[in-house]
Amino acid sequence: MVEKLLAKLRGKNDRAAYGAIPQLLKLDDGSLAALVASYKPKDEQRRFQYELARIALTEGIVGLTKQWLRLGSAEQRGVLLQEIGPDWDHEWKIEIAIAALEEPDDKVRGYAVVLARYAAPQGINADQRARMTQGLVRAMARHNERPLELLWLQWYVELLGLTANASDELAIAQLERLRPFSGASRRTAWEKLDPDNLPWPTSVLAEKKGVRPVATLWEFGTGLLEIKVLESALKQIRART
């Protein structure tokens, strides 16, 4: 079993390598760190895989999160965040997500928010809750002038609703700043039609289907933050002491 896991770590398939690391950690074998450290990477991707595994095996989650921003490239870290699945220990998921909230790139940081959004409801202690809240507020503050440009803003808002509490004044203020940018995120509109004088391509589609439409209905995004999500997050925060 060990050799199969190490073979995955040495392979070209990064997804398989990232899946092997948490399984190697569970073996609790002190000799594995030295063995991984002896590997000579054939390319930059495997260099990243080996370094990630070596740090995880020798320094644990504390060492990994302390060195997070210097590991590999932003792109490699982003892919890793997407591949952290059920084999990874829950505490590792939370701590990696918190560390990755400091990513300067919005997209990579967004993957950390998604990871945290799924992991936090499964359990998070008070210290982690506080550090996650601080990281989210710092990230959102970078986009104070144009908050809607923050990738996956709604996920940030939802996650703050799960982590912040009533005494987190900065978090509440950060969310309140979003009110002018919130509303119905989607709208519907309809237009009455003359079934005897249908516009193209509705006329073509109606003929093919053998129907006589009397109206057309469509839905479109408004570009606003969904107000229900914002209100829900603030309600959760103010109810949490």
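Residues numbered from 1 in each chain as written. Predicted model: local features only at pLDDT ≥ 70, side-chain atom pairs only at ≥ 80, totals over all residues. Heavy atoms only, no water.

1. As for unusual backbone geometry
Inference 1: Each neighbour pair has its own omega, and for Trp200 with Pro201 the value is 10°, a cis peptide bond.
Inference 2: A positive phi angle, near 50°, is found at Asp28, a position not held by glycine.
Inference 3: Among the secondary structure elements, Asp28 is positioned in the loop between α2 (14–27) and α3 (31–37).
Inference 4: On the basis of relative accessible area, Asp28 is assigned to the exposed category, the value being 70%.
Inference 5: A positive phi angle, near 60°, is found at Trp152, a position not held by glycine.
Inference 6: Structurally, Trp152 is set in the loop between α8 (126–141) and α9 (153–163). (Helix = DSSP H or I, 4+ residues; strand = E, 2+ residues; numbered from the N terminus. Buried < 20%, exposed > 50% of the residue type's maximum accessible area, 1.4 Å probe, protein only.)

2. Focus on helix α6 (residues 90–100)
Inference 1: α6 sits mainly inside the fold: nine of its eleven residues count as buried.
Inference 2: When we look at burial in α6, the residues that qualify are Trp92, Lys93, Ile94, Glu95, Ile96, Ala97, Ile98, Ala99 and Ala100.
Inference 3: In the core, the buried residues of α6 are packed alongside α2, α4 (44–66), α5 (74–83), α7 (106–119) and α8.
Inference 4: In this structure Asp89 caps α6, since a side-chain oxygen of it lies 3.0 Å from the backbone nitrogen of Glu91. (Contact = heavy atoms within 4.5 Å. Polar contact = N/O pair within 3.5 Å; in protein donor to acceptor, adjacent residues only side chain to side chain.)

3. A closer look at the side chain of Arg77
Inference 1: Considering the arrangement of structural elements, one finds Arg77 in helix α5.
Inference 2: Arg77 gets classed as buried once you look at its relative accessible area, which sits at 6%.
Inference 3: In this structure the side chain of Arg77 is engaged in a polar contact, spanning 2.5 Å, whose partner is the side chain of Glu103.
Inference 4: If we ignore the near neighbours within four places in the chain, the residues touching Arg77 are Phe48, Trp68, Leu69, Leu71, Gly72 and Glu103.

4. Here we look at the side chain of Asn165
Inference 1: One can find Asn165 in the loop between α9 and α10 (169–176).
Inference 2: Residue class for Asn165 comes out buried when judged on its relative accessible area of 17%.
Inference 3: Side-chain polar atoms of Asn165 contact the side chain of Ser167, separated by 2.6 Å.
Inference 4: Apart from residues lying up to four places away in sequence, Asn165 is in contact with Ile172, Ile237, Arg240 and Thr241.

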